[in-house]
Amino acid sequence: MEPLDVRIDWDRCMGSGNCVFWAPGTFDLSDDGHAVVLDPTATDEERLRIAAQGCPVGAISLWRAGVEVSLGEEA
């Protein structure tokens, strides 16, 4: 199965850091406080889904093969 592509909508991101808490190998906060993706493969898919679901402003989306993955869908 193709790995997930993790995308962050910087216009929505408020820098809460929830994503860093749930998936520290995948996310970090930039100097200006926005979340950035370091390595999408550093975190298993279940935790990536939790990180995306836990974003208070819905700035994280997960994609596979160019199609957005439903956050409620099982891996």
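Everything numeric in this text was worked out from a predicted model, so none of it was measured.

What about the side chain of Thr-43?
Here's step 1: Relative to the helices and strands, Thr-43 is located in the loop between β3 (35-37) and α2 (45-53).
Here's step 2: Of the residues examined, Thr-43 reaches a relative accessible area of 11% and is grouped as buried.
Here's step 3: A polar contact is formed between the side chain of Thr-43 and the side chain of Thr-26, at a distance of 2.6 Å.

Quick look at the packing of aromatic side chains
Here's step 1: Considering all chains together, one arrives at 1 aromatic pair under this definition.
Here's step 2: Considering the side-chain rings of Phe-21 and Trp-22, the 5.2 Å spacing of their centres and the 85° angle between planes classify their relative orientation as edge-to-face.
Here's step 3: A residue is classified by how much of its surface remains accessible, and Phe-21, at 59% relative accessible area, is exposed.

Rules used in this analysis
Residues numbered from 1 in each chain as written. Predicted model: local features only at pLDDT ≥ 70, side-chain atom pairs only at ≥ 80, totals over all residues. Heavy atoms only, no water. Helix = DSSP H or I, 4+ residues; strand = E, 2+ residues; numbered from the N terminus. Buried < 20%, exposed > 50% of the residue type's maximum accessible area, 1.4 Å probe, protein only. Polar contact = N/O pair within 3.5 Å; in protein donor to acceptor, adjacent residues only side chain to side chain. Phe/Tyr/Trp six-rings, centres within 6.5 Å; stacked < 30°, edge-to-face > 60°.

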